Structure formats: structure tokens, C-alpha cells
Amino acid sequence: MWTVSDDALVAGLAAGDRDAASAFVGRFQRRVYGLARTIVADDRAAEDIAQEAFVRAWKHAGAYDPRRGSVVGWLLTITRNLAIDAVRVRRPVAFDPAALLGFDAPSVDRDPAELALLSDDTTRLRAALARLPEEQCRAVVLAGLLGYTAREVGEMEDIPLGTAKTRIRTALIRLRAALVNEERTE
Amino acid sequence: MSALNCVDVRELAPELALGILGGAERAEVILHVNACARCQAYVIELTEVADAIPQLVPEIEPPPHFEARVMRRLGEDQRRSRRRWVASIAAAAAAAVILSITVVRVIESNDTAANATPVAVAMTGSRANVPAGWAYVSGGRGVAVSVSYGVPSGEYSVSVGPARGAARTIGTMTIDSGHGSWTGQSTVPLAAGARIALVDSRGRETCHGVVPAAG
């Protein structure tokens, strides 16, 4: 079955094409809502954020730059930023990176075509995160997913600012190294 | 000129990539990165990793009728700012030249850009009749072309044919791994019924679209 590329849907968005917009929303709504819901931990707020993310994507589709990442990465960055802004005050108390990132989630039944579209990079990144020391994994997920600054990570983890910065930096560098090394060994 | 050197910037680059660096530090790092190709490449690599982290979050089914509510909001936005996307098309089409994005677009000629309304044209493969990309036509002669699938790698002529009149080549574009783009000026006005096509080196039309009447 032929599938319209993500880039083509964004181009349709940029042109104000409602069919493309509908297909775009249908394709990404579970990911956008899932990310918003994960960050804000509230159904209603998550829906507001997810809706706003699609409106922003619609408004700014013309500025999408495929050299700077995938469509889903672009859209989820919009979503993440909106969600982080929404929880500036209301921070989650409990935090489990493994649960947030679905390390233990049962595999979802997908058709082969959809499976083929899933990024190898995503699989590798998940494995690399799981291999990090727990404190580094927590630090980089707090920062990269929930938008905590190094100072906030330090406060949340009850560690000095310098230690928080080191954990964040080391974790991200290790993730990058893991992805690069795996690409080289393929 | 940034007060930071490369060592300083590499210490802070992960926080910049993760979007958690603020204030003066962020400004200083960006100032350095803009002037240092090696640090810039480093930040880009880290940013690619950082941007992938949110993609790991499991999908969740949104509440019922979510898509319909989003589409309603998009409709409201479209009515409020109908003219906005005329500008966005021009911007996106200009970006297509530089960024090799994945559609076919025809943009406004210089003197009609402010008044033209773009018309979307679906480009389809001429043999297999499968979508190859999109065209957006507005105002006449400015043309930007890019396709993303179904077209084999190689050199192609960009051909336009008015509703009445012979087709003519207005440029050439390269397709590499299914992707390619081109932008330029049409030598003939492109009105409703005009045909846009990519023609291979043997003169065979590979994909085409017909400009519909402006809605």
C-alpha cells in the first residue's frame, strides 16, 4: 500500500490543504497526545496542548526544515515545549524514566507496513538509555523530556548543580556515542 | 564575539541541545557556535539525539473525536488568517530551493506575489498513476518544483504546457534517491488547465499535474 510521506503532508499543511491536515493529524495524534499526556499528567491539559501543537504545526509548516530533523521530531519538539510551558508550576512528584519511556510497555500490535516505518534510531536510543547508569538516565530524561534545567535537576535529585550538569552532559554524550558506534558497526 | 572558547562551549553544548540552557550562557554559546563550524557540528549532533528522546514516549489514544476538534480549530484559524498561508507558501517554496523539501510548488511571480492565491496541484506518476508530490500555483510564472517519491534518480526537464499551446521546458532538475527540487520562472503564464510535468532524458513524461481552477 502506498503511503504519503511525512514531508509531503507537511507540504500540504503549508499550502492550507485540509485533506493533508486531516491525514497529518490522524497519523500523529497518538504520539502528540501521548507525549503531552506523559509530560503534564492530566487528560484535559494534554488535549489542549495536543490541539495547540497541531495548530502550531499548521501555522508554521512553511518553516519546517527537513535538514534539521524528521517531521515527527519537529512536531514532538513543538509538543514538548508547549507541555513544558504548561507545567512550569505544576511539577510531577513521582518520576520513573523507565515508565515514562515505555521500557516495560508491552509491544503494540502493528501491521508490517507501520513497523517498517518505525525508526531504527529510536530503537537504538531506547537501548542506549536503558544501558546508562540510572542516575544519568534520570538526569537526561528530566532535562530532555520534561525540560528541567540543570539547577532543577540538582534540586529534584538533591545533588549539587555541578553534579547535575555532569550527569546531564555525560548521559547525552554517551547516547550520542552509542548511536554513532552502532551506526559504524552496522 | 563570544567570551567562551571551544572547551567552554563543549561543556555547555549538551544543555543547549536539550533546550535547557537559558539567559546569558545560552546567548554566549550560540554566539560562539555561529562562528565555529566544529562546535556547530557538535551541537547539531547532540541536538539530533536530544530531539529523539521525546520520540521514545509511548503513544496514547487521544479522547474520542480529537481529530475533529483539531480540524475545527484549523478551520477557524484558516478563516481568521486566510492571507497568512499565501505568504507561507511563498516562504516554503523559497525554502524548497535551498532545502530540497518534498513537494512541487509554483510560487508567485515577483510582481503578483501579494495578490496571488496559490492553488494546490497533485502531481502523479504518469505511468503508475501514484502520487509523486504536490504543486502550488499562484499568479503565473514563478515556479518551484520538488518531488519526494516514485521518480527514479536522474536528470529531468521541468516542462510546462499552457491549457492552449505547446509544452516547453523551463528548467532541469536532479532527482536523487527519490528527492529533488527546482525553482525558477515559467516562460508562459500558468492558468487553470496548465500542465506541469517532469520529463526524463528520453523525452518520457515521468510525473505530471494539471493546474485546477483557483478556488
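The structure reproduced in this document is the subject of the present report. (Residues numbered from 1 in each chain as written. Chains lettered and ligands numbered in written order. Predicted model: local features only at pLDDT ≥ 70, side-chain atom pairs only at ≥ 80, totals over all residues.)

### Some words on the overall build of chain A
A tally of helices and strands in chain A yields 10 helices and zero strands. From first element to last, N terminus to C terminus, chain A shows the α and β order α-α-α-α-α-α-α-α-α-α. For chain A, buried positions account for 45% of its 186 residues. At a minimum sequence separation of 6, the contacts of chain A that also span at least 24 residues come to 64%. (Helix = DSSP H or I, 4+ residues; strand = E, 2+ residues; numbered from the N terminus. Buried ≥ 20, exposed ≤ 12 C-beta atoms within 10 Å, placed from the backbone. Contact = placed C-beta atoms within 7 Å.)

### Observations regarding the environment of A:A128
All names here are of chain A. With respect to the helices and strands, the residue A128 is situated in helix 7 (residues 120–131). Judged by local crowding, A128 falls into the buried class, with 20 C-beta atoms found within 10 Å. In sequence terms A128 and L179 are 51 residues apart; their C-alpha atoms lie 7.7 Å from each other. In contact with A128, not counting residues within four places along its chain, are L175, A178 and L179.

### Here's the deal with the interface of chain A and chain B
Listed as interface residues are 64 residues of chain A and, on the opposing side, 53 residues of chain B. Contributing elements (two or more residues each) for the side of chain A that touches chain B: helix 1 (6–14), helix 2 (18–40), helix 3 (43–60), helix 4 (71–86), helix 7, helix 8 (134–144) and helix 10 (161–185) of chain A. Looking at the side of chain A that touches chain B, the element that brings in the most residues is helix 2 of chain A, giving 12 residues. Here the side of chain A that touches chain B is composed, by residue class, of 32 nonpolar, 18 polar and 14 charged. (Nonpolar A, V, L, I, M, F, W, Y, C, P; charged D, E, K, R; others polar.)

### Some thoughts on the packing of helix 1 (residues 6–17) of chain B against helix 2 (residues 23–35) of chain B
Residue and element names in this part refer to chain B. For the pair helix 1 and helix 2, interaxial distance at closest approach is 10 Å and the crossing angle is 110 degrees. In terms of axis orientation, helix 1 runs roughly perpendicular to helix 2. When the axes of helix 1 and helix 2 are compared, the crossing they make is left-handed. Within the contact between the two elements, helix 1 uses V9, L12 and L16 and helix 2 uses E25, R26, V29, H32 and V33. A class-by-class count of the residues in the contact of helix 1 with helix 2 yields five nonpolar, one polar and two charged. (Axes fitted to C-alpha atoms, helices over the stretch in contact; angles between N-to-C directions. Parallel < 35°, antiparallel > 145°, perpendicular 65-115°, else oblique. Left-handed = near helix turned anticlockwise from the far one by under 90°.)

### Some thoughts on the nonpolar core
Counting 80 residues, the largest nonpolar core has A:L13, A:A36, A:L75, A:I168 and A:L172 as its most contacted members. Looking at this core element by element, the count peaks at 11 residues for helix 2 of chain A. If near-sequence neighbours (up to four positions away) are discounted, A:L75 is found in contact with A:F28, A:V32, A:A53 and A:A57. If you look at the next biggest cluster of nonpolar residues, it comprises 18 residues, including B:V147, B:A194, B:L198 and B:C207. (Core = buried A, V, L, I, M, F, W, Y, C linked by C-beta atoms within 7 Å.)

### Things to note about helix 7 of chain A
Since one α-helical turn is 3.6 residues long, residues separated by three or four positions face the same way. All names here are of chain A. Here helix 7 spans 17 Å end to end across 12 residues, near enough to the 16 Å set by a 1.5 Å rise per residue. Residues of helix 7 that are buried: L125, A128 and L129. One side of helix 7 holds all its buried residues, which, seen down the axis, span an arc of 100 degrees. Seen from the buried face of helix 7, the exposed residues on the opposite side, beyond 90 degrees, are D120, T123, A130 and R131. (Expected span 1.5 Å × (residues − 1). Arc of directions from axis to C-beta.)

### Brief notes about the pairing of strand 4 (residues 154–161) of chain B
For a regular strand, side chains alternate in direction, first toward one face of the sheet and then toward the other. Residue and element names in this part refer to chain B. With seven bridges connecting them, strand 4 and strand 5 (residues 168–175) associate as antiparallel partners. Pairing of V160 across the sheet is with R168, part of strand 5. With five bridges joining them, strand 4 and strand 7 (residues 195–199) adopt antiparallel strand pairing. Following the sheet pairing, S159 is matched in strand 7 by A197. (Pairing = 2+ DSSP bridges.)

### Quick notes on the packing of helix 1 of chain B against helix 3 (residues 37–52) of chain B
Residues and elements named next belong to chain B. At a minimum axis separation of 9 Å, helix 1 and helix 3 run at an interaxial angle of 25 degrees. One element, helix 1, and the other, helix 3, form an angle in the roughly parallel class. Relative to helix 3, helix 1 is oriented so that their crossing is right-handed. Here C6, V9, R10, A13, P14, L16 and A17 of helix 1 come into contact with helix 3, specifically with C39, Y42, V43, L46, T47 and A50.

By themselves, these are just geometric observations and shouldn't be taken as functional.
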